[in-house]
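# Commentary on secondary and tertiary structure
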Amino acid sequence: MESVIKILREQNRYTQVKLAEELRISRQALIKYENLEQEPPLSVIKALSKLFSVNYECLIDNTLPQTFSSEDKQKLEQFSKDFVRLNDSEKRAVLEMARIMAKGDE
């Protein structure tokens, strides 16, 4: 079984050295996490979650985040088209709602 940390690192084009520096851990520690020899501490899980924009469960359960379905992609495209038609105050309101909703997930 491949480590989700390794997959996310490669998808985001980080070297082991660069990611270890970003996380303020040793490369050897990162290798242990990637090889599933050791579980990362909560501080590393939080940092990875923030860096790669995934929830904690993905890292704890070693599962990749769910990807968008084709229906989700179509809805997002329609939202984008509708959003540009809004006036500035409506756009600010939508963005504020999104910010509040995203903050609730933290």
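Residues numbered from 1 in each chain as written. Predicted model: local features only at pLDDT ≥ 70, side-chain atom pairs only at ≥ 80, totals over all residues. Heavy atoms only, no water.

### With respect to the overall build of the protein
We count it as follows: A run of H or I in DSSP counts as a helix once it spans at least four residues, and a run of E counts as a strand once it spans at least two, with each numbered from the N terminus. Computation of the radius of gyration draws on C-alpha atoms alone. For the globule rule, the value is 2.2 Å times the number of residues to the power 0.38. A 1.4 Å probe rolled over the protein chains alone gives each residue an accessible area, and that area as a share of the maximum for its type sets the label: buried under 20%, exposed over 50%, partly exposed in between.
Summing up its helical and strand segments, the protein has seven helices and zero strands in all. Each helix and strand of the protein, placed in order from N terminus to C terminus, yields the pattern α-α-α-α-α-α-α. Against the globule reference of 13 Å for 106 residues, the protein gives a C-alpha radius of gyration of 18 Å, more extended than a compact globule. Each of the three principal axes of the protein carries a C-alpha extent, and together these read 50 × 25 × 20 Å. For the protein, the proportion of its 106 residues judged to be buried stands at 25%.

### Remarks on the nonpolar core
Side chains of nonpolar character tend, in soluble globular proteins, to be buried together. Cut-off, in case you're wondering: Put simply, buried Ala, Val, Leu, Ile, Met, Phe, Trp, Tyr and Cys residues joined by side-chain atoms within 4.5 Å make one nonpolar core. Any two residues whose heavy atoms approach within 4.5 Å are treated as being in contact.
Counting 16 residues, the largest nonpolar core has Ile5, Leu8, Leu19, Leu48, Phe52, Val54 and Leu59 as its most contacted members. Among the secondary structure elements, those contributing two or more residues to this core are α1 (4-11), α2 (16-23), α3 (27-34), α4 (42-52) and α5 (56-61). With four residues, the single largest contributor to this core is α4. Those residues in contact with Val54 that lie beyond four places of it in its chain are Leu8, Leu48, Ser49, Leu59 and Pro65.

### Here we look at α4
Put simply, the rule is: Note: the arc covers the axis-to-C-beta directions of the helix.
Within α4, the full set of buried residues consists of Val44, Ile45, Leu48, Ser49 and Phe52. Buried residues in α4, looked at end-on, bunch into an arc of 135°, giving them a common side. α4 presents Leu42, Ser43 and Lys50 as exposed residues on the side facing more than 90 degrees away from its buried surface. Packed against the buried residues of α4 are α1, α2, α3 and α5.

### Some thoughts on the confidence of the model for the protein
Here is the rule: Known as pLDDT, the predictor's confidence for each residue is given on a scale from 0 to 100.
Scored by pLDDT, the protein comes out at a mean of 91, with 97% of its residues at no less than 70. Of all helices and strands in the protein, the one with the weakest mean pLDDT is helix α6 (residues 70-84) (88), whereas α2 scores best (98).

### With respect to the packing of α2 against α4
Where we set the bar: Orientation is described by lines fitted to C-alpha atoms, with helices fitted over the stretch in contact, and by angles between N-to-C directions that extend from 0 to 180 degrees. Put simply, angles under 35 degrees are roughly parallel, angles over 145 are roughly antiparallel, angles from 65 to 115 are roughly perpendicular, and the rest are oblique. Two helices that cross are described as forming a left-handed crossing if the nearer one is turned anticlockwise from the farther one by less than a right angle, and a right-handed crossing if clockwise. Classes in brief: Ala, Val, Leu, Ile, Met, Phe, Trp, Tyr, Cys and Pro nonpolar; Asp, Glu, Lys and Arg charged; the others, Gly included, polar.
α4 packs onto α2 with a crossing angle of 115° between their chain directions and a minimal axis gap of 10 Å. In terms of axis orientation, α2 runs roughly perpendicular to α4. For the crossing formed where α2 meets α4, the hand is right-handed. Here Leu19, Glu22 and Leu23 of α2 come into contact with α4, specifically with Val44, Ala47, Leu48, Leu51 and Phe52. Taken together, the residues of the contact of α2 with α4 sort by class into seven nonpolar, no polar and one charged.

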